[in-house]
Amino acid sequence: MSFDRMWADLAPVGRATTGGYRRYAWTAEDHTLREWFAGEAVARGLGLVEDRMGNQWAWWGDPDADGPGVVIGSHLDSVPDGGAYDGPLGVVSAFAALDALRDSGFRPARPIAVVNFGDEEGARFGVACAGSRVITGAMTADRALGLTDGDGVTMAEALRHAGRAPETLGRDDETLRRIGQFVELHVEQGRALADLDPATSAVAVGTDIWPHGRWRLDLPGTANHAGTTALADRQDAMLSAAQVVLEARSAAVAGGCVATTGKVEVEPGGVNAIPSHVRLWLDARGADQNAVRATVSAVAEVVHRLGGTLREESWTDTTRFDTDLAGRLRTALGADTPMLGTGAGHDAGVLATAGTPTAMLFVRNPTGVSHSPAEFAERDDCLRGVDALTTVVRDLAS
Ligand SMILES: [Zn+2]
């Protein structure tokens with residue numbers, strides 16, 4: 001079975017002693033993964049193309065003559081200390097589905113491609129889905145090339161170092177024209193499927209990506225001596241921050257959303273100084289756009305009462321996958337196939353926003369843990385994912 005062989009091939013690439021993966025864009029590990037992808041394409045006699053952002057496409061058939069085609073695949077890069085499944089499961093399953101179709105003697109009426117989107121996690125340059133954002137024009141080439149990593153290396157320098165020409169980077173209409181539909185299979189990054197009937201919930205069809213946003217919160221205080229200032233005389237910005245963090249939690253609970261304050265800056269930042277300023281960042285998401293907005297409003301009210309400010313840094317509305325395509329997938333897979341929204345971003349979301357008919361398949365994750373070495377999916381479930389993808393591609397490419 002080609003799935004097991006490919007899975008074993010990828011297992012050691014970029015694996016740290018923690019068991020987690022460090023596969024960042026345009027590094028030696030990334031190069032190894034790209035070489036692997038190219039090898040899989042060539043071994044199957046597929047046409048290998050690299051687009052204007054370095055995303056890799058392996059075509060069975062000629063998308064320019066007989067397209068647009070059906071595209072499956074995902075990404076091979078990882079977050080810091082990421083799991084084995086997020087990304088690679090989609091790429092390996094795509095090649096395995098192609099093998100299953102060929103083994104069964106299937107002759108596609110349309111070209112089929114496996115894609116490896118580069119730099120999906122944004123672990124090195126800070127912008128997620130850089131590969132799909134650049135080719136769809138959601139991010140300009142200038143902005144992408146100027147992004148820097150933790151060592152101050154720009155993306156332009158990293159590309160040059162990897163033997164690519166930064167000046168070719170940009171929106172790629174030729175590549176976009178070749179995509180008739182995109183179906184991204186991905187490990188589930190929550191435990192919705194694990195909570196359903198075990199018999200019918202190994203694979204779900206994606207419906208949408210939750211609306212999400214980021215806000216910067218500034219809370220004022222007055223610096224003073226930690227030993228000589230009476231508690232009653234203090235204006236402690238950290239106390240305000242604590243109230244805000246707790247409010248974010250209770251508002252999210254009330255609204256059925258999720259809210260996270262994972263980044264904090266404190267001034268002056270001394271152990272023995274009362275904080276004069278705290279900056280924190282709020283990430284809020286949820287299935288219901290209005291509920292997310294209401295959660296943030298509740299937080300804003302507390303921030304304003306404490307004399308602080310709240311500024312929106314980004315907001316993305318609900319990204320809906322193509323309803324017709326999702327319906328077609330469900331028909332092909334069976335009416336009891338669960339339908340699932342997700343709070344995580346994906347290249348599929350970027351393509352959907354750009355107008356490409358896009359759908360997703362999620363494979364059950366028994367613990368729901370992701371972006372961690374503990375991320376997992378049972379082998380049987382992975383193989384059911386391959387079967388589902390095979391069924392879907394057979395349907396779409398007939
Ligand atoms: Zn992913």
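Every residue gets a number counted from 1 within its own chain, in the order that chain's sequence is written. In view of the model being predicted, local features appear only for residues whose pLDDT reaches at least 70, and side-chain atom pairs are presented and counted only at 80 or more, with totals across whole chains, interfaces and linings using the full set of residues. Only heavy atoms go into the side-chain values, all of them from the structure, while hydrogens and water stay out.

Peer 1: Hey, could you go over the overall build of the protein for me, with residue numbers and the actual values?
Peer 2: Of the regular secondary structure elements, the protein holds 13 helices and 13 strands. C-alpha atoms define the radius of gyration in this analysis, and the globule rule sets the expected value at 2.2 Å times the number of residues to the power 0.38. Computed over the C-alpha atoms, the radius of gyration of the protein is 23 Å, within 12% of the 21 Å expected from 2.2 N^0.38 for a compact globule of 398 residues. Within the protein, counting contacts between residues at least 6 apart in sequence, those at least 24 apart form 76% of the total. Per element, the accessible surface of the protein, about 17100 Å² overall, is 50% carbon and sulfur. Runs of E in the DSSP output that reach at least two residues are strands. Runs of H or I that reach at least four are helices, and both are numbered from the N terminus. Working rule for contacts: check all heavy atoms of both residues, and any pair within 4.5 Å makes them a contact. Accessible surface area values rest on a Shrake-Rupley calculation with a 1.4 Å probe, where residue burial reflects the displayed protein chains alone.

Peer 1: Tell me what's going on with the environment of Gly345, and back it up with residues and numbers.
Peer 2: Mapping Gly345 onto the fold places it in the loop between β12 (339–342) and α12 (347–353). Note on classification: 1.4 Å probe, protein chains only; a residue is buried when its accessible area is under 20% of the maximum for its type, exposed when over 50%, partly exposed between these limits. Judged by its relative accessible area of 40%, Gly345 falls in the partly exposed class. Between the C-alpha atom of Gly345 and that of Ala43, which follows or precedes it by 302 residues, the distance is 32 Å. Once residues within four sequence positions are removed from consideration, Gly345 is found in contact with Glu120 and Ile209.

Peer 1: Help me get a handle on the coordination of the zinc ion, residues and values and all.
Peer 2: Note on donors: an N, O or S atom is included if it sits within 2.8 Å of the metal, or within 3.2 Å for Na, K and Ca, and water is never included, so sites can look incomplete. Coordination of the zinc ion by the protein comes from His75 (NE2), Asp86 (OD) and His186 (NE2), over a distance range of 2.0 to 2.2 Å. Ordering the donors of the zinc ion by residue number gives the pattern H-x10-D-x99-H. Separated by 100 residues along the polypeptide, Asp86 in the loop between β3 (69–75) and α4 (88–103) and His186 in strand β5 (residues 179–187) bring together distant segments of the chain. Like Asp86, the residue His186 is buried in the burial classification.

Peer 1: Go over unusual backbone geometry, please, and point to the residues and values.
Peer 2: With omega at 0 degrees, the peptide bond leading from Gly67 into Pro68 counts as cis. Tracing the sequence through the fold places Pro68 in the loop between α3 (63–66) and β3. Residue Pro268 is reached from Glu267 by a cis peptide bond, and omega for that bond is -5 degrees. Of note, Pro268 is situated in the loop between β8 (258–267) and β9 (277–285). With phi around 50 degrees, Asp119 is a residue other than glycine that occupies positive phi space. Relative accessible area serves as the criterion here: at 3%, Asp119 is assigned to the buried category. The phi torsion at Cys129 lies on the positive side, around 55 degrees, for a residue other than glycine. Checked against the element boundaries, Cys129 lands in the loop between β4 (112–117) and α5 (130–136).

Peer 1: Before we move on, could you go through the pairing of β3 and cite the residues and values that matter?
Peer 2: For β3, the buried fraction is high: seven of the seven residues fall into the buried class. A strand pair is defined by DSSP finding two or more bridges across the two strands. One ladder, built from four bridges, connects β3 with β5; its direction is parallel. Bridge assignment links Val70 to a residue of β5, and that residue is Gln181. Where β3 lies against β4, six bridges are found, and the strand directions are parallel. Paired with His75 across the bridge in β4 is Phe117. Crossovers are marked right-handed if the path from the first strand over the helix to the second runs clockwise, as seen with the strands pointing away from the viewer. One crossover worth recording links β3 to the parallel β4 by way of α4, and it is right-handed.

Peer 1: Account for the side chain of Asp347, with residues named and values stated.
Peer 2: Looking at the element boundaries, Asp347 is found in helix α12. The contact partners of Asp347, leaving out residues within four places of it in the chain, are His75, Phe117, Glu120, Cys129, Ser132, Phe182 and Glu184.

Peer 1: Let's hear about the packing of aromatic side chains: which residues, and what values?
Peer 2: Only centres within 6.5 Å qualify two rings of Phe, Tyr or Trp (six-membered ring in Trp) as a pair; their planes then separate them into stacked at under 30 degrees, edge-to-face at over 60, and tilted for everything else. Tallying each qualifying case throughout the model produces eight aromatic pairs. Each ring, one from Tyr85 and one from Phe376, has its centre 5.9 Å from the other, and the planes form 80 degrees; the classification is edge-to-face. With a gap of 291 residues between them, Tyr85 in the loop between β3 and α4 and Phe376 in the loop between β13 (358–363) and α13 (379–396) connect regions that are remote in the sequence. Plain terms: the ring middles of Phe117 and Phe182 are 5.7 Å apart, the flat faces sit at 75 degrees to each other, and that makes the pair edge-to-face. In this pair, Phe117 is assigned in strand β4 and Phe182 in strand β5, connecting sequence segments 65 residues apart. The class of Phe117 is buried, set by a relative accessible area of 1%. An aromatic cluster of three or more residues is present, and its members are Phe3, Trp7, Tyr85 and Phe376. Lying over the aromatic face of Trp26, Arg34 brings its terminal NZ or CZ to 4.1 Å of the ring centre. Across the ring face of Trp315, the terminal group of Arg293 is positioned such that the distance to the ring centre comes to 3.9 Å. The criterion is that NZ of a Lys, or CZ of an Arg, lies within 6 Å of the ring centre and within 35 degrees of the ring normal, and then a charge sits over that ring.

Peer 1: Go over helix α9 (residues 237–255) with me, naming the residues and quoting the values.
Peer 2: A helix is expected to span 1.5 Å for every residue after the first. Spanning 19 residues, α9 covers 27 Å between terminal C-alpha atoms, matching the ideal 27 Å at 1.5 Å per step. If you check which residues of α9 are buried, you get Ala237, Ser240, Ala241, Val244, Ala248, Ala251 and Ala252. Seen end-on, α9 carries its buried residues on one side only, within an arc spanning 105 degrees. Turned more than 90 degrees from where α9 packs its buried face, Leu239, Leu246, Arg249, Val253 and Ala254 sit exposed. In this fold, the buried residues of α9 make contact with β7 (212–220), β8, β9 and α10 (289–305). Two residues or fewer after α9 comes Gly256, characterised by a positive phi angle close to 65 degrees. Throughout, the arc means the angular range of directions from the helix axis out to the C-beta atoms.

Peer 1: I'd love a proper account of the pattern of salt bridges, names of residues and values included.
Peer 2: What counts as a salt bridge is simple: a side-chain nitrogen of Lys or Arg found within 4 Å of a carboxyl oxygen of Asp or Glu. If you walk through the whole model with that rule in mind, you get 22 salt bridges. For Asp30, the salt bridge identified is with Arg34, shortest N-O distance 3.1 Å. Here the residue Asp30 and the residue Arg34 both occupy positions in helix α2 (residues 28–43), the gap between them amounting to four residues, near one helical turn. You'll find Asp30 and Arg34 in the same group, each marked buried. Here Glu40 makes a salt bridge to Arg44, at a shortest N to O gap of 2.6 Å.

Shape descriptors only; they carry no functional weight alone.
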